[in-house]
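# Report on the structure
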Amino acid sequence: MASSPRAGGTERASTAIRVEAVSKTFDTAAVLHDLSLDVRAGELLGLLGPSGSGKTTLLRIIAGLDAPDRGRILFGGDDATGLPVQERAVGFVFQHYALFKHMSVADNIAYGLNARRRADRPAKAEIKRRVGDLLDLIRLSGFGDRYPSQLSGGQRQRVALARALAVEPRVLLLDEPFGALDAQVRKDLRRWLREIHDRTGQTTIFVTHDQDEALELSDRVAVLDKGRLEQVGTPDEVQENPVSATVLKFLGDSVEVEAIAEGGHVSVRGRATPVAAPAGLIGPVKLYVRPWQLQLVEPEAAHLSGVVRSSYRSQGRQRIEVEEAGGHVLAVEDFDGVRYAAGHPVGLRINGGYVFA
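Numbering of residues begins from 1 in every chain and follows the order in which that chain's sequence is written. At least 70 in pLDDT is required for a residue's local features to be given in this predicted model, at least 80 for side-chain atom pairs to be given and counted, and no such filter applies to totals for whole chains, interfaces and linings, which use all residues. Excluding hydrogens and water, the side-chain figures rest on all heavy atoms present in the structure.

## Regarding the overall build of the protein chain
The numbering of helices and of strands both runs from the N terminus, where a helix is a DSSP run of H or I of at least 4 residues and a strand a run of E of at least 2. Secondary structure summary: the protein chain contains eight helices and 19 strands in total. Based on the C-alpha atoms only, the size of the protein chain along its principal axes is roughly 80 × 45 × 40 Å. Working definition: with a 1.4 Å probe on protein chains only, accessible area under 20% of the residue-type maximum means buried, over 50% means exposed, and in between means partly exposed. The buried share of the protein chain, taken over its 357 residues, is 48%. Considering only contacts in the protein chain between residues 6 or more positions apart, those separated by 24 or more positions represent 67%. Looking at charge distribution, the protein chain has the averaged site of its 45 positive side-chain charges lying 6 Å from that of its 46 negative ones. Any two residues whose heavy atoms approach within 4.5 Å are treated as being in contact. In this tally, Lys and Arg are treated as positive and Asp and Glu as negative; His is ignored, and so are the chain termini. Charge positions come from single atoms, namely NZ of Lys, CZ of Arg, CG of Asp or CD of Glu.

Laid out in structure tokens, this is it:
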């Protein structure tokens, strides 16, 4: 089976799906605004954004479950906008499994094949072979005779994925596939889905509002907000080079600091920072700083100052909340292991950040 490249490897140049200037309105609410996006063959693309950003609507339009008001959907260069869902050859996995309770695991997986017209339906022996291969792939060999009620949530979701793969879809679409599962099962299934994708090379689009999930799984991430595509890029690109404050704030914690742009540099309270100002930007600006871009220092070397409000350990790092005189709270990540008591005065130096024109 083909393998899918991760970020930093050789990327396939061909386009499996092209979304061209798609808009969609429900009643009087505009859900998608002139959105365009290319999905590369063999990649795993994450659609990431807050609730109401248009992620699921875009996925349903690609699947043929909804029609756009304007724009086109192309599959491999062919206009699929008017094709019914049955003719698009897509596999769809929902958040809540949607398995047939009265069917065994094997029959659930084989459903799409058995439902085909007689002329297009594989022989029974071929269907049985394909189901067996998929049970091996999802690590549920020997579970074919069980029923969905006899499986855990994670096992049901694996069966739902196998059922979608059984019909050898042109593209696999997953809508919040792990949303109904607990945290540890979600983490386990993330790793498993990435392994499955690397083994099959299946072009895959999945919707999530979980930043960690999208950044861990995806070859590329498309960040949506209010029906518009804000940015598309590798996980490193969208994290390290966000194109807007919207992307930056959605992809992790940040603090907003009043600053001044002048001479191509950004200063805070009269002290220069290492942050470059966008060309031509002069005057007051908002500087956005990640917690790890702040450093605890002596007051004379600080850009900001305040007192420790709380301090705790999180995933091998110390997270400190510092309250400025005006009540503004800044989060700092520190690695020196020093524990700071509440009320302890500290200075903060800004070692990096983002300014948007």
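## Focus on the packing of aromatic side chains
When we look at a pair of aromatic rings, we describe it by the centre distance and by the angle of the planes. Note on aromatic pairs: the rings of Phe, Tyr and Trp (six-membered ring only in Trp) are paired at centre separations within 6.5 Å, and the planes decide the class, stacked below 30 degrees, edge-to-face beyond 60, tilted for the rest. Counted by the stated rule, this structure contains three aromatic pairs. With 4.7 Å between their ring centres and 50° between their planes, phenylalanine 100 and tyrosine 111 make a pair best called tilted. Of this pair, phenylalanine 100 sits in the loop between strand S6 (90–93) and helix H2 (105–114) while tyrosine 111 is found in helix H2, placing the two residues eleven residues apart along the sequence. For phenylalanine 100, a relative accessible area of 28% translates into the label partly exposed. Since its relative accessible area comes to 37%, tyrosine 111 is described here as partly exposed.

## What about the environment of arginine 271?
Looking at the element boundaries, arginine 271 is found in strand S13 (residues 271–276). Residues arginine 271 and isoleucine 109, spaced 162 residues apart in sequence, show a C-alpha to C-alpha distance of 63 Å. Residues within four places of arginine 271 in sequence aside, it is in contact with Glu300, Ala301, Ala302 and His303. A polar atom in the side chain of arginine 271 sits 2.8 Å from the backbone oxygen of glutamate 300. N or O atoms within 3.5 Å of each other form a polar contact, as long as, within protein, one can give a hydrogen and the other can take it, and as long as residues adjacent in sequence are counted only when both atoms are side-chain atoms. Within polar-contact distance, the side chain of arginine 271 engages the backbone oxygen of alanine 302 at 2.9 Å.

## Considerations on the pairing of strand S12 (residues 265–268)
By the bridge criterion, three bridges tie strand S11 (residues 255–262) to S12 in an arrangement that is antiparallel. Residue pairing in the sheet places alanine 261 in a bridge with valine 266 of S12. Here S11 folds back onto S12, and the loop between the two strands holds two residues, one of which, glycine 263, carries a positive phi near 60°. When DSSP finds two or more bridges between a pair of strands, those strands are recorded as paired. A loop of two residues connects S12 with S13, the two strands running antiparallel in sequence, and arginine 269 in this loop sits at a positive phi of about 55°.

## Examining the nonpolar core
One finds Ile109, Val159 and Leu161 to be the most contacted residues of the largest nonpolar core, which totals 35 residues. For this core, the elements supplying multiple residues, two or more each, are H2, helix H3 (124–137), helix H4 (153–166), strand S7 (171–175) and helix H5 (183–200). The contacts of valine 159, once residues within four sequence positions are left out, are Leu99, Val105, Asn108, Ile109, Ile138, Leu140 and Leu151. Each nonpolar core is a collection of buried residues, namely Ala, Val, Leu, Ile, Met, Phe, Trp, Tyr and Cys, held together in the definition by side-chain atoms within 4.5 Å. If you look at the next biggest cluster of nonpolar residues, it comprises 27 residues, including Leu45, Ile61, Ala80 and Val207.

## A closer look at the sheet that holds strand S10 (residues 228–233)
In space, the six strands of this open sheet follow the order S6-S7-S8-S3-S9-S10, with mixed pairing throughout. Both edges of this open sheet fall to S6 and S10, since each of them pairs with a single strand only. Going across the sheet, the axis of each strand differs from the next one's by a mean of 20°, ignoring polarity. Where strand S3 (residues 44–48) and strand S8 (residues 204–208) come together, five bridges link them in parallel fashion. Bridge assignment links leucine 45 to a residue of S8, and that residue is isoleucine 205. A fitted line through C-alpha atoms serves as each axis, taken over the contacting stretch for helices, and the angle formed by two N-to-C directions is quoted from 0 to 180°.

## Quick notes on the pairing of S11
Alternating positions in S11 separate cleanly, Val255, Val257, Ala259 and Ala261 being buried on one face and Glu256, Glu258, Ile260 and Glu262 remaining unburied on the opposite face. Where S11 and strand S14 (residues 283–289) come together, seven bridges link them in antiparallel fashion. By the bridge assignment, valine 257 is partnered in S14 with leucine 287.

## Points about H2
Each turn of an α-helix holds 3.6 residues, which means side chains three or four residues apart point in the same direction. Among the residues making up H2, those that are buried are Val105, Ala106, Asn108, Ile109, Ala110 and Leu113. Considering only its buried residues, H2 is in contact with H3 and H4.

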